[in-house]
Amino acid sequence: MTPRRRRPAILLRVAVVLAVLAGIVLTALGPATVTGLLPYFTIQSNVAVGVLAGYAAWCALRRRPEPPSALKGAVTLYITITGTVYHLVLANPASPFAMAQPDRQPGEWWGNQFLHTVVPLLALADWALFDGRGRLRPRYAAWWLAFPLAYLGFALVRGLVVDRYPYPFLDPGRLGYDGVTVSAIGFAVAFWLLGLLFVGVDRLLARVGAQSPPATPPPAPALPEPEPPAPVRPASREPTGSG
């Protein structure tokens with residue numbers, strides 16, 4: 001990373017960390033506790049983004065190599081899933097899985113906005129502006145499904161123990177296990193396509209960067225032209241007399 005890009009990258013990543021902390025703290029000021037928030041994909045993806053952003057800021061500050069692009073792409077995908085599912089599915093009154101939005105105190109409302117809107121946008125900006133380009137592969141989109149699938153298993157097993165599920169599309173009491181399976185497959189396909197979109201955008205940005213002309217270095221100062229050598233006069237010859 002060039003020195004000119006290093007400072008804004010550090011500032012943006014510090015902003016991500018602060019937004020994650022603010023979102024969790026403000027949300028915990030409401031009726032939910034920190035331990036009660038941990039089972040949610042929202043909190044887990046925000047914590048992952050905050051940790052990675054802090055580490056990436058430290059790498060930029062110390063001029064160390066950036067985190068692997070596959071890891072950063074995965075974490076950015078997860079926080080994008082958090083924001084997208086919240087706005088299109090959970091907080092959308094037209095969605096069949098819409099959750100009732102309670103009347104929140106100002107602090108809790110801001111915490112909710114940090115976790116579902118501000119942090120995803122900042123993380124996407126960091127990925128688009130400062131991540132290395134052209135390193136993602138289409139197979140990564142399938143690998144990135146490992147964490148959402150693991151979370152699915154965790155949510156279902158935990159639900160059997162506490163009889164409570166974090167999201168309505170994971171609730172067998174509402175949908176039945178057949179409905180949860182159909183819902184999980186639909187979300188998995190959507191997340192896979194979103195991962196492929198990340199790979200496509202990465203390749204597009206790499207192509208645009210390769211086609212942009214490099215910065216032209218300033219021309220070197222012109223050297224003074226050497227003075228032409230003085231003309232050499234031929235030696236005069238004395239006439240020779242006959243004796």
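Presented here is an overview of the structure given in this document. What you see is a predicted model; the values in this text were computed from it and never measured. (Residues numbered from 1 in each chain as written. Predicted model: local features only at pLDDT ≥ 70, side-chain atom pairs only at ≥ 80, totals over all residues. Heavy atoms only, no water.)

Moving on: the overall build of the protein chain. Summing up its helical and strand segments, the protein chain has 8 helices and 0 strands in all. In the protein chain, which comprises 243 residues, the share counted as buried stands at 36%. A total accessible area of about 15200 Å² is found for the protein chain, and carbon and sulfur atoms account for 67% of it. (Helix = DSSP H or I, 4+ residues; strand = E, 2+ residues; numbered from the N terminus. Buried < 20%, exposed > 50% of the residue type's maximum accessible area, 1.4 Å probe, protein only. Areas by Shrake-Rupley, 256 points an atom, 1.4 Å probe, with all protein chains shown as cover.)

For the structure on display, the rule yields 15 aromatic pairs. Judged by centre distance (5.0 Å) and plane angle (85 degrees), the rings of W109 and W110 are edge-to-face. With centroids separated by 4.9 Å and ring planes inclined at 45 degrees, the aromatic side chains of W127 and F198 adopt a geometry described as tilted. Here the residue W127 occupies a position in helix 5 (residues 106-130), and F198 occupies one in helix 8 (residues 172-211), the gap between them amounting to 71 residues. Residue W127 shares its accessibility class with F198, and that shared class is buried. Among the aromatic side chains, those forming a connected cluster through ring pairs are Y40, F97, Y167, F169, F187 and F191. (Phe/Tyr/Trp six-rings, centres within 6.5 Å; stacked < 30°, edge-to-face > 60°.)

Once that is clear, we can look at unusual backbone geometry. A positive phi angle, close to 60 degrees, is found at R63, a residue other than glycine. Looking at the secondary structure, you find R63 in the loop between helix 3 (41-61) and helix 4 (69-90). By relative accessible area, R63 is classed as exposed at 60%. Backbone geometry places D163, a non-glycine residue, at a positive phi of 55 degrees. Within the element layout of this structure, D163 appears in the loop between helix 7 (146-162) and helix 8.

Attention shifts here to the nonpolar core. Within the largest apolar cluster, 27 residues are counted, with the highest numbers of intra-cluster contacts made by I81, V85, W144 and F169. Counting only elements with at least two residues in this core, the list comes to helix 4, helix 7 and helix 8. With 8 residues, helix 4 is the largest single contributor of residues to this core. Setting aside chain neighbours within four positions, we find W144 in contact with A70, G73, A74, L77, Y78, L136, G195, F198 and V199. Of all hydrophobic cores here, the second largest spans 14 residues; its members include I43, L115, V119 and A123. (Core = buried A, V, L, I, M, F, W, Y, C linked by side-chain atoms within 4.5 Å. Contact = heavy atoms within 4.5 Å.)

An α-helix turns once per 3.6 residues; consequently, residues spaced three or four apart project the same way. A bend of about 75 degrees at D178 is the largest found in helix 8. For helix 8, the complete set of buried residues consists of P172, V180, S183, A184, F187, A188, F191, L194, G195, F198, V199 and D202. Buried residues along helix 8 sit against helix 4, helix 5, helix 6 (138-143) and helix 7. Two to three positions downstream of the cap, the backbone nitrogen of G173 sits 2.9 Å from a side-chain oxygen, assigning the N-cap of helix 8 to D171. (Bend = angle between axes of the 7 residues up to and from the residue. Polar contact = N/O pair within 3.5 Å; in protein donor to acceptor, adjacent residues only side chain to side chain.)

The subject of this paragraph is the environment of L37. Following the sequence through the fold, L37 ends up in helix 2 (residues 34-37). The class for L37 is buried, based on a relative accessible area of 9%. Separated by 13 residues in the primary sequence, L37 and I24 place their C-alpha atoms 8.5 Å from one another. Once you skip the residues sitting within four places of it in the chain, L37 turns out to touch I24, T27, A28, A32 and I43.

This part takes up the packing of helix 4 against helix 5. Two numbers describe how helix 4 lies on helix 5: the axes approach to 9 Å, and their chain directions differ by 140 degrees. Our classification of the angle between helix 4 and helix 5 gives oblique. Crossing angle aside, the handedness with which helix 4 passes helix 5 is left-handed. Residues K72, G73, T76, I79, T80, T82, G83, Y86 and H87 of helix 4 pack against N112, L115, H116, T117, V119, P120, A123, L124, D126 and W127 of helix 5. Considering only residue class, the contact of helix 4 with helix 5 consists of 8 nonpolar, 9 polar and 2 charged. (Axes fitted to C-alpha atoms, helices over the stretch in contact; angles between N-to-C directions. Parallel < 35°, antiparallel > 145°, perpendicular 65-115°, else oblique. Left-handed = near helix turned anticlockwise from the far one by under 90°. Nonpolar A, V, L, I, M, F, W, Y, C, P; charged D, E, K, R; others polar.)

On to the environment of F187, then. Mapping F187 onto the fold places it in helix 8. Sequence separation of F187 and I81 is 106 residues, and the distance between their C-alpha atoms is 9.8 Å. In this structure F187 touches V85, V89 and F169, once residues within four positions along its chain are discounted.

The interhelical angle for the contact between helix 1 (residues 3-28) and helix 5, taken along N-to-C directions, is 155 degrees, at an axis separation of 8 Å. Comparing the axis directions of helix 1 and helix 5 gives the class roughly antiparallel. Helix 5 is crossed by helix 1, and the crossing has left-handed handedness. Broken down by class, the residue content of the contact of helix 1 with helix 5 amounts to 20 nonpolar, 5 polar and 4 charged.

Shape is all these values report; function is a separate question.
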